Amino acid sequence: MSRVRAQLAWMVVLAALVAAWQAYVRLRGVPQYVLPAPTDVGRTLWDERGPLASAGGVTAREMLAGFALALGFGVAAAIALHASATVRRAVYPLLVASQSVPVVAIAPILVIYLGFGLAPKLVIVALVCFFPVTVAALDGFRSVDPEHVRVMRTLRASRTAIFRRVELPWALPSMFTGMRVAASYAAVAALFAEYAGSGSGLGDAMREGTAQYDAPLVGAAVVVLAGLALALFGAVTLIERLTIPWSRRVE
Amino acid sequence: MASAAPGGIDLEGVTKRFGDLVALEDVSLRVPADGVTGIVGPSGCGKSTLLEIVAGLEQPTAGTVSVEGASTPGARLERCALMPQSDLLLPWRDALGNASVALENAGGGRRRARAEAAPLFARLGLDGFERRRTWELSGGMRQRVAFARTLLAGKDVLLLDEPFGALDAITRAELQEWLTDALRVEPRTTVLVTHDVEEALLVCDRVAVMSARPGRVVLELDAGFGGGERAATIASPPFLEARRRALEALR
């Protein structure tokens, strides 16, 4: 019982924050276009549920597809970097350096190249999510206890067998950590991409809301976006618990 | 030269240096086929290095090694299975899955490997533990599974590196008897490395005593005290005499 109560502590904190926000806006008479009250945001969420849902759907697709791309390419890149010291020396420093280029800066260029459709959004989300996935997977591969590899070699294991039966499962917990980081970046990346040029999605709704001083609409879009980010993060965590239950039992 | 003899392991003048450190110096030793040979020595006398050289995982700086007449590292690796002090079980596999990993490495699929491993697994007193997760097993059970895995590699030569070093005294005594029985049922050319003189005398047919760094063989004696009643054996005059000689050589 007390454990359940401790697990729900965040709800109390959240409720207190929302209540304080509501009281501040109402008691000070803050105009809605400066800071909307939580009730205003809530009302807009309800009234605009149709458009918000379809905008959220667009953004969710961009996040998911970009994240999936990043996962595929990230793990493949990590395997290549792990398998060959030459590739690692030649590519890894460049990969790290490439992270100093802000995605905000290249988003407009990608829109020019790839148009206003889905393609530039996927690329931008994938670019942002790629790095944490790759680094975490590579770290996972490289942290394998060499003693395990030595013993496996005496147990008739080929290079591929060692990878499949030792290195890959060994790296999974680390990969999931990278995926959780990537999942939390995906929402912001999708938003950037939509800001850079788009006719749909939550980013577009927020731009429109800002232009019309419709602060409750902006607030409602933020709530939906936060929900999407949390959902992706939660999904990754859930999949982790289901696929590698052993990782919490070791050490 | 003696290395023409069929079976067994021959070491001739084996020296291993790591930079300035001389780990092994001029070690010559003959391990006959189908017997258990113990190597006793203080920590850091290069016992583990010796096993890695025999297994073909390391090359000696000088001298020759042959396992059943084969002297290239690849051919030695084909003939040897190594069991390390820490069991190195894979937590993402259950007990039988760990024991049968070498059969899977050899090809033929998971299901067939498990079916093939099951009879030996049971013969080693592990029946009922097939589906246990590694973290549910006691230290002694883990070592039994690790030994089953080593046997199931189907190699002629078993290299056991302090297999019971991490166990408490009671479990250790139990496993020493268990190992003696297991090797009677499944005879292999076995090298048991330990720092415990009593263990070597009880489990092995012959014991080689090594000096501290640089490691070299300073005494070889006949053992074969296993199989009888433990308490009576370790109090018997021949056992005490052998123990005295080994301890003196270690000093």
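Values in this document were obtained by computation on a predicted structure and should not be read as measured data.

## Re the packing of aromatic side chains
All names here are of chain A.
- The final tally for this structure, using the stated rule, is five aromatic pairs over all chains.
- With a centroid separation of 5.5 Å and 50° between ring planes, the pair formed by F141 and F163 is classed as tilted. Placement of the pair is F141 in helix α7 (residues 118-142) and F163 in helix α9 (residues 159-196), with a sequence separation of 22 residues.
- Residue class for F141 comes out buried when judged on its relative accessible area of 1%.
- The residue whose ring lies beneath R49 is W46, and the NZ or CZ to ring-centre distance is 4.0 Å.

## Here's the deal with the nonpolar core
- Residues B:F147, B:L159, B:L201 and B:V207 are the most contacted members of the largest nonpolar core, which totals 137 residues.
- When residues in this core are grouped by element, the largest group, 16 residues, is from α9(A).
- Not counting residues within four places of it along the chain, the set of residues in contact with B:V207 comprises B:G38, B:V40, B:A200, B:L201, B:L219, B:E220, B:L221 and B:A223.

## Concerning helix α8 (residues 146-154) of chain A
- Within α8(A) the residues assigned to the buried category are A:H148, A:V151, A:M152 and A:T154. End-on, the buried residues of α8(A) take up no more than an arc of 155°, which puts them together on one face.
- Looking at the buried positions of α8(A), the neighbouring elements they touch are α9 of chain A together with α2 (73-79), β5 (80-83), α4 (101-105) and α6 (139-151) of chain B.
- A positive phi of about 65° marks A:R156, the residue just after α8(A).

## Some details on the pairing of strand β1 (residues 9-18) of chain B
Residue and element names in this part refer to chain B.
- Within β1, seven of the ten residues are buried, which leaves it mostly tucked inside the rest of the structure.
- Of the pairings in the sheet, the one linking β1 to strand β2 (residues 21-31) comprises seven bridges and is antiparallel in character. Paired with V14 across the bridge in β2 is V27.
- Hairpin connection of β1 to β2: two residues between the antiparallel strands, including G19 at a positive phi of 65°.
- Pairing of β1 with strand β4 (residues 62-67), which is carried by five bridges, proceeds in the antiparallel orientation.

## Re helix α5 (residues 110-126) of chain B
All names here are of chain B.
- Its 17 residues give α5 an end-to-end C-alpha distance of only 19 Å, which falls more than 12% under 24 Å, the value for a rise of 1.5 Å per residue.
- Here the buried face of α5 lies against α3 (95-99), α4, α6 and α7 (169-185).
- Positive phi appears at G128, one or two residues downstream of α5, with a value of about 95°.

## Things to note about the confidence of the model for chain B
All names here are of chain B.
- In the predicted model, chain B carries a mean pLDDT of 88, and 98% of its residues have values of at least 70.
- When the elements of chain B are averaged for pLDDT, helix α9 (residues 230-235) gives the smallest value, 81, and α3 the largest, 94.
- Below pLDDT 50 for its whole length, residues 1-5 participates in seven contacts with residues either more than four positions away or in separate chains.
- Interface confidence for the predicted complex, given as ipTM, is 0.87, next to a pTM of 0.85.

## With respect to the side chain of A:E62
Residue and element names in this part refer to chain A.
- Its location among the elements puts E62 in helix α4 (residues 49-83).
- One buried charged residue, E62, forms no salt bridge at all, with the nearest opposite charge on K121 at 5.1 Å.
- Once residues lying within four places of it in the same chain are set aside, the contact partners of E62 are L118, K121, L122, V125, A190 and E194.

## Here's the deal with the interface of chain A and chain B
- If you look at the interface, chain A gives 19 residues, while chain B gives 23 residues.
- Counting the surface lost from both chain A and chain B, the interface buries some 2100 Å², and carbon and sulfur atoms represent 66% of this.
- If you sort the residues of chain A by the area they bury against chain B, A:T154, A:R156 and A:R165 come out on top, with a joint share of 33%.
- B:E104 serves as the salt-bridge partner of A:R165, at 3.3 Å between the closest nitrogen and oxygen.
- The interface formed by chain A and chain B includes eight residue pairs in polar contact (both at pLDDT 80 or more).
- Every element with two or more residues in the side of chain A that touches chain B is listed here: α8 and α9 of chain A.

## Comments concerning the sheet that holds β4(B)
All names here are of chain B.
- Strand order in the open sheet formed by three strands is β2-β1-β4, and the pairing between neighbours is antiparallel. Each of the sheet's edge strands pairs with one partner strand only, and the pair in question is β2 and β4. On average, each strand axis in the sheet is inclined to that of its neighbour by 20°, with strand direction left out of account.
- In this fold helix α1 (residues 47-54) packs onto β1, β2 and β4, with an angle of close to 120° to the strand it touches most, β1.

Rules of the game
- Residues numbered from 1 in each chain as written.
- Chains lettered and ligands numbered in written order.
- Predicted model: local features only at pLDDT ≥ 70, side-chain atom pairs only at ≥ 80, totals over all residues.
- Heavy atoms only, no water.
- Phe/Tyr/Trp six-rings, centres within 6.5 Å; stacked < 30°, edge-to-face > 60°.
- Helix = DSSP H or I, 4+ residues; strand = E, 2+ residues; numbered from the N terminus.
- Buried < 20%, exposed > 50% of the residue type's maximum accessible area, 1.4 Å probe, protein only.
- Lys NZ or Arg CZ within 6 Å of the ring centre and 35° of its normal.
- Core = buried A, V, L, I, M, F, W, Y, C linked by side-chain atoms within 4.5 Å.
- Contact = heavy atoms within 4.5 Å.
- Arc of directions from axis to C-beta.
- Pairing = 2+ DSSP bridges.
- Expected span 1.5 Å × (residues − 1).
- pLDDT = per-residue confidence, 0-100.
- Lys, Arg positive; Asp, Glu negative; His and termini not counted.
- Salt bridge = Lys/Arg side-chain N within 4 Å of Asp/Glu carboxyl O.
- Buried area = accessible area lost by both parts, 1.4 Å probe.
- Polar contact = N/O pair within 3.5 Å; in protein donor to acceptor, adjacent residues only side chain to side chain.
- Axes fitted to C-alpha atoms, helices over the stretch in contact; angles between N-to-C directions.

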